[in-house]
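# Coordinate inspection notes
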Amino acid sequence: MQVLATGLSGLYSSLPRKLNIVADDWYRLQNDDIETMPDLVHFLNSLEFCNAVVQVRIFRAIPSLIPKDKLFEFESHAFSVFRSLENVIKNTD
């Protein structure tokens, strides 16, 4: 898991800090915008992969070690972290 987190961190740090958007009515990234940014596409694909790894690990390895209520809490937290990161990338608020 640390390798995945380190790789994801490296990809995140390679993302541009500013976006050069010309349109005045622009307020968020659309799929067309994302496709023109290879670094962002790579980061989002890696984020989805990490999410899948976490889900598989939680559902296959941990259920016998952790009570189900805690397992659900961990899964919910992991899911919200991934969604928050995805929203930060897609929104410019």
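Residue indices begin from 1 for each chain and proceed along its sequence in written order. In keeping with the predicted nature of the model, local features appear solely for residues at pLDDT of at least 70, side-chain atom pairs appear and are counted solely at 80 or more, and the whole-chain, interface and lining totals rest on all residues. With hydrogens and water excluded, all non-hydrogen atoms of the structure serve as input to the side-chain values.

This part takes up the overall build of the protein. Helix and strand labels come from DSSP, where a helix needs a run of H or I of at least four residues and a strand needs a run of E of at least two; each type is numbered from the N terminus. Secondary structure assignment for the protein yields four helices and zero strands. Reading the protein from its N terminus to its C terminus gives the helix and strand order α-α-α-α. Type-normalised accessible area, obtained with a 1.4 Å probe on protein chains alone, sets the label of each residue: buried when under 20%, exposed when over 50%, and partly exposed for intermediate values. Counting over 93 residues, the protein shows a buried share of 22%. Contacts between residues were defined by any pair of non-hydrogen atoms, one from each residue, lying within 4.5 Å. Considering only intrachain contacts with a sequence separation of at least 6, the fraction spanning at least 24 residues in the protein is 71%. Each accessible area is a Shrake-Rupley estimate made with a 1.4 Å probe; only the visible protein chains count as cover when residues are assessed. Accessible surface for the protein amounts to roughly 7,100 Å². Of this, 57% is attributable to carbon and sulfur atoms.

Formed by 15 residues in total, the largest nonpolar core has its most connected members in Leu-8, Leu-40, Phe-43, Leu-44, Leu-47 and Phe-82. Counting only elements with at least two residues in this core, the list comes to α1 (2-13), α3 (38-60) and α4 (68-90). In terms of residue count, α3 provides more of this core than any other element does, six residues in total. Those residues in contact with Leu-47 that lie beyond four places of it in its chain are Leu-8, Phe-82, Leu-85 and Glu-86. For the purposes of this section, nonpolar cores are sets of buried Ala, Val, Leu, Ile, Met, Phe, Trp, Tyr and Cys residues that join through side-chain atoms within 4.5 Å.

Turning next to the side chain of Ser-46. With respect to the helices, strands and loops of the structure, Ser-46 is situated in helix α3. Setting aside chain neighbours within four positions, we find Ser-46 in contact with Leu-8 and Leu-11.

Position of Ala-5 among the secondary structure elements: in helix α1. A residue is classified by how much of its surface remains accessible, and Ala-5, at 47% relative accessible area, is partly exposed. Each C-alpha atom, one on Ala-5 and one on Leu-47, is 9.5 Å from the other, the two residues being 42 residues apart in sequence.

Pairing of aromatic rings covers Phe, Tyr and Trp, the last counted by its six-membered ring, and requires centre-to-centre distances within 6.5 Å; plane angles under 30 degrees mean stacked, over 60 mean edge-to-face, and any other angle means tilted. Under the defined criterion, the tally for this structure stands at one aromatic pair. For the ring pair Tyr-12 and Phe-43, a centre distance of 5.7 Å and an interplane angle of 55° mean the geometry is tilted. Highlighted residues: Tyr-12 in helix α1 and Phe-43 in helix α3, separated in sequence by 31 residues.

Confidence of the prediction at every residue is given by pLDDT, a number between 0 and 100. With 77% of its residues at a pLDDT of 70 or more, the protein shows a mean pLDDT of 75. When pLDDT is averaged over each helix and strand of the protein, the minimum, 71, is found for α4 and the maximum, 82, for helix α2 (residues 31-35).

By the element assignment, Asn-51 lies in helix α3. Judged by its relative accessible area of 12%, Asn-51 is buried.

Examined against the element boundaries, Ser-14 turns out to sit in the loop between α1 and α2. Of the residues examined, Ser-14 reaches a relative accessible area of 39% and is grouped as partly exposed. The spacing of Ser-14 and Asp-39 is 25 residues in sequence and 7.2 Å in space, taken between C-alpha atoms.

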